Number of protein chains: 2
Amino acid sequence: MKSLYFDGKELLIKEVPIPIQSKDEVLIKVLMAGICKTDLEIVKGYMGFKGILGHEFVGEVVDAQNKSLIGKRVVGEINCPCYRCSFCLRGMSNHCPNRTVLGIYNRDGVFAEYTTLPEKNLHIVPNGVSDEIAVFTEPVAAGYRILEQVQFNSNDFVVVLGDGRMGQIISQIINPYVRKLVCVGKHSQKMFLLNIYGIDTCLLDYWKDKNVDVVIDVTGNPTAQSFALNMLRPQGTLVIKSTTEQSNSINLSKLVVDEIKIVGSRCGPFEPALKALAEKKVEVEYMISHKFAFEDIINAFEVAQNKDCLKVLIDFRNNKG
Amino acid sequence: MKSLYFDGKELLIKEVPIPIQSKDEVLIKVLMAGICKTDLEIVKGYMGFKGILGHEFVGEVVDAQNKSLIGKRVVGEINCPCYRCSFCLRGMSNHCPNRTVLGIYNRDGVFAEYTTLPEKNLHIVPNGVSDEIAVFTEPVAAGYRILEQVQFNSNDFVVVLGDGRMGQIISQIINPYVRKLVCVGKHSQKMFLLNIYGIDTCLLDYWKDKNVDVVIDVTGNPTAQSFALNMLRPQGTLVIKSTTEQSNSINLSKLVVDEIKIVGSRCGPFEPALKALAEKKVEVEYMISHKFAFEDIINAFEVAQNKDCLKVLIDFRNNKG
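Here the structure is a predicted model, which means the values were calculated and not measured.

Before going further, it helps to examine the overall build of chain A. Secondary structure summary: chain A contains 10 helices and 20 strands in total. Expected size for 321 residues packed as a compact globule is a radius of gyration near 20 Å; at 20 Å, chain A falls within 12% of this value. Reported as C-alpha extents along the three principal axes, the dimensions of chain A are approximately 55 × 45 × 40 Å. The burial tally for chain A puts 60% of its 321 residues in the buried class. For chain A, the share of sequence-separated contacts (at least 6 apart) that also reach a separation of at least 24 residues comes to 66%. Counting only carbon and sulfur atoms, one obtains 49% of the accessible surface of chain A, whose full area is about 13300 Å².

Right, let's talk about a nonpolar patch on the surface for a bit. All names here are of chain A. On the surface, Phe192, Ile196 and Tyr197 cluster together into a nonpolar patch covering about 320 Å² of accessible area. Note on placement: Tyr197 falls in the loop between helix 6 (188-196) and strand 14 (200-203). Its relative accessible area of 34% is what places Tyr197 among the partly exposed residues.

Quick look at the relation of the copies chain A and chain B now. In screw terms, the move from chain A to chain B is a rotation of 180 degrees and a rise of 0.0 Å along the axis, fitting with an RMSD of 0.0 Å. Within this description, the copies of the chain are treated as partners about a two-fold rotation axis. Rotation axis and chain A: the residue whose C-alpha lies nearest the axis is Ser249 of chain A, separated from it by 1.9 Å. Take the interface residues of chain A: 100% of them recur as interface residues in chain B, which is what a same-surface contact looks like.

Accessible area lost during the coming together of the parts is what is often quoted as the interface size. On the chain B side, the residues contacting the 42 residues of chain A number 42 residues. The junction of chain A with chain B conceals about 3300 Å² of combined surface from both sides, 57% of it contributed by carbon and sulfur atoms. Contact with chain B buries area across many residues of chain A, yet Leu252, Val256 and Glu259 of chain A alone supply 19% of it, more than any other trio. Across the contact surface, chain A and chain B share four salt bridges. In this structure, the salt-bridge partner of Asp213 of chain B is Arg90 of chain A, at a minimum N-O distance of 3.8 Å. Our count for the chain A to chain B interface comes out at 13 residue pairs in polar contact (both at pLDDT 80 or more). Of all the elements in the fold, those that place two or more residues in the side of chain A that touches chain B are helix 4 (137-149), strand 16 (232-240), strand 17 (247-251), helix 8 (252-257) and strand 18 (261-264) of chain A. Residue composition of the side of chain A that touches chain B, by class: 15 nonpolar, 16 polar and 11 charged. Note that strand 18 of chain A and strand 18 (residues 261-264) of chain B share three bridges and pair antiparallel.

It is worth spelling out the sheet that holds strand 2 (residues 11-15) of chain B at this point. The pairing of strands in a sheet comes from backbone hydrogen bonds and takes either a parallel or an antiparallel form. Residues and elements named next belong to chain B. Read across the open sheet, the three strands follow the order 2-1-4; overall the sheet is antiparallel. Of all strands in the sheet, those with a lone pairing partner are strand 2 and strand 4 (51-52), marking the two edges. Bridge count between strand 1 (residues 2-6) and strand 2: five bridges; the pairing is antiparallel. Each bridged residue has a counterpart across the sheet, and for Ser3 the counterpart in strand 2 is Lys14.

Moving on, we get to helix 4 (residues 137-149) of chain B. Residue and element names in this part refer to chain B. The first and last C-alpha atoms of helix 4 sit 19 Å apart over 13 residues, in line with the 18 Å expected at 1.5 Å per residue. Taken across its 13 residues, helix 4 has 10 buried, putting it largely inside the fold. For helix 4, the complete set of buried residues consists of Thr137, Glu138, Pro139, Val140, Ala141, Ala142, Gly143, Tyr144, Arg145 and Ile146.

All names here are of chain B. Ordered in space as 7-8-9, the three strands form an open sheet in which the pairing is mixed. Looking at the sheet topology across the chains shown, the edges are occupied by strand 7 (79-80) and strand 9 (106-107). Pairing geometry for strand 8 (residues 100-102) and strand 9, over two bridges, is parallel. Its bridge partner lying in strand 9, Val101 is registered against Asn106.

Within helix 7 (residues 224-231) of chain B, burial applies to Ala224, Gln225, Ala228, Leu229 and Met231 of chain B. Buried residues in helix 7 of chain B, looked at end-on, bunch into an arc of 160 degrees, giving them a common side.

Moving on, we get to the packing of aromatic side chains. Residue and element names in this part refer to chain A. In the structure shown here, the tally under the stated rule is eight aromatic pairs over all chains. On the basis of an interplanar angle of 85 degrees and a centroid distance of 5.9 Å, the ring pair of Phe111 and Phe301 is categorised as edge-to-face. A residue pair is termed long-range when its members are at least 10 positions apart, and Phe111 in the loop between strand 9 (106-107) and strand 10 (114-118) and Phe301 in helix 10 (residues 297-304) qualify at 190 residues. Residue class for Phe111 comes out buried when judged on its relative accessible area of 0%. A residue is classified by how much of its surface remains accessible, and Phe301, at 2% relative accessible area, is buried. In this structure, Lys14 packs its charged tip against the face of Tyr5, placed 3.8 Å from the ring centre.

What follows covers the side chain of Asp315 of chain B. Residue and element names in this part refer to chain B. Relative to the helices and strands, Asp315 is located in strand 20 (residues 311-315). A distance of 3.0 Å separates the side chain of Asp315 from the backbone nitrogen of Arg317, its partner in a polar contact. Among all residues touching Asp315, those that are not within four sequence positions of it are Leu31, Met32, Lys291, Phe292, Ala293 and Phe294.

Now for the confidence of the model for chain A. Taken residue by residue, chain A gives an average pLDDT of 93. The fraction at 70 or more is 98%. The ipTM value of the predicted complex is 0.88, and its pTM value is 0.90.

What follows concerns the environment of Tyr105 of chain B. Here Tyr105 of chain B shows up in the loop between strand 8 and strand 9. Residue Tyr105 of chain B is classed as partly exposed on the basis of its relative accessible area of 35%.

Along the backbone, Tyr105 of chain A and Asn79 of chain A are 26 residues apart, and their C-alpha atoms lie at a distance of 9.2 Å. With sequence-adjacent residues up to four places away left out, Tyr105 of chain A is seen in contact with Met47, Phe49, Arg99 and Thr100 of chain A.

Quick notes on the rules
Residues numbered from 1 in each chain as written. Chains lettered and ligands numbered in written order. Predicted model: local features only at pLDDT ≥ 70, side-chain atom pairs only at ≥ 80, totals over all residues. Heavy atoms only, no water. Helix = DSSP H or I, 4+ residues; strand = E, 2+ residues; numbered from the N terminus. Rg over C-alpha atoms; globule rule 2.2 N^0.38 Å. Buried < 20%, exposed > 50% of the residue type's maximum accessible area, 1.4 Å probe, protein only. Contact = heavy atoms within 4.5 Å. Areas by Shrake-Rupley, 256 points an atom, 1.4 Å probe, with all protein chains shown as cover. Patch = residues over 30% accessible without salt bridge, like charges linked within 9 Å, V, L, I, M, F, W, Y side chains within 5 Å. Salt bridge = Lys/Arg side-chain N within 4 Å of Asp/Glu carboxyl O. Least-squares fit on C-alpha atoms with pLDDT ≥ 70 in both. Buried area = accessible area lost by both parts, 1.4 Å probe. Polar contact = N/O pair within 3.5 Å; in protein donor to acceptor, adjacent residues only side chain to side chain. Nonpolar A, V, L, I, M, F, W, Y, C, P; charged D, E, K, R; others polar. Pairing = 2+ DSSP bridges. Expected span 1.5 Å × (residues − 1). Arc of directions from axis to C-beta. Phe/Tyr/Trp six-rings, centres within 6.5 Å; stacked < 30°, edge-to-face > 60°. Lys NZ or Arg CZ within 6 Å of the ring centre and 35° of its normal. pLDDT = per-residue confidence, 0-100.

Now the structure itself:
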């Protein structure tokens, strides 16, 4: 089968054997996949990953021990834990030290005609949810993770810092739970789209308020935390969602004197994400700025790096491979 | 009266008028005061403070509207809020933007024969608590603040990073609430004292465990956060207690991938602190390495900067001023 392989230096289209699933796994034919900020960071060296990239997908089960799954359209959680270590036994399997992570760590990903995942990782996609929408399940789930970690108050004033796809998704998820939410970014073209769905936006250069209860940083920019800290009221909360290879300088005095809380946030629950997509509580289709066939995936990666671009999808459905 | 004045550049013994308390305030004769890490940081430029330094004290009320207070031995909370702003009305008066802070921000401190504070800030010292012990109320209260912010689990493994006076106080406060607590530092002479009170200690160079549930950083060292983050398990908590003027670089990828929580922590409640000191649940007297008369306070500041020194007290009781 054809795959997009990252050899640690560059992206290559590579012909590889169709993977053979292990006992607890299923074989999935990829229907559609999304390019994520993490994929772009991996190509810059993040995680030191080598192999087939990609972790946002929707696919069709083509082989499984549980025959009832065959033919089902599925999305899949990306962490594959051991289920035996102390973290797994404490219900923290997303932090299993022995885990592999789809297209990110020790496990080939979904930018290929076929992929494998443990059966436990799969969620069946409801009929009303198109492939184009279902492929957003993983990032929408990552947004729902914030609701598990932060107790929002109906009187809260929240800023989502970053106007990219994750910023837009998270703004839609958190907005109903708080008094006021503003998505703050640098790209008016991207933010304009969010206004259509009833979310307030503001250009970063015009932002003045220093009394925000919760700031959610999804910029992926390692200098954004300084802006974020300056927006927060004393005892405010900063949620950091961006994974980047870089470190950043944090003003420790502000952190201590104002008793700020910082929360790192990663992968989230698929079920509420699929439900929100099915009920159109989170709108995602408008973010698809480009759709490429697999043959053009290297070009797609270049387009995805453009700061005005929201979501780039890879469509495998017409693939003759 | 004699006072220790910081003019923004150097410390001076300065003769100033006895302060006149405003309507809601009391006049206090200082009996004993302690030199704190924050005082040492202010002399390096932290907070841009100019005026009479000092905020850890025990004193005797010599004038007050409430005559029943006169002659009482008191300690005092250091934040003087406005009680009118939105923070005060929300019960966050320690974060009042209009506040003055004793010997730290816009309010003269306690390294003087007399000081003033609002009556609301005072707590009467129980008879059984000596001046030498009572002067520790403010730092012990700052330790109790952590119990208000972090929900410890009886199965938790906690590291207190830093073997100075705050590290030793916090170790004693948190130890009864968790399965295992180790104070980790660089000074075996200081840590040896803590062992006597049943607290485990370890030299930083020998520390290997990366599975700690909560790390409390009280080093005052702006590079300590990297050590602290490496000690933590996924979803662990880092409490930062040091106020320093410097910033530090934080590994954001570790923060997000491991979903670490960081909590800034400052001033705390005086009542549980006084109770713990009265009941000897927190032992502090052994930390007094030096006691100076006010006349020697500039010398006392030099001694307090010595890394092997725990607590330096200033005794005003024999002062002839």
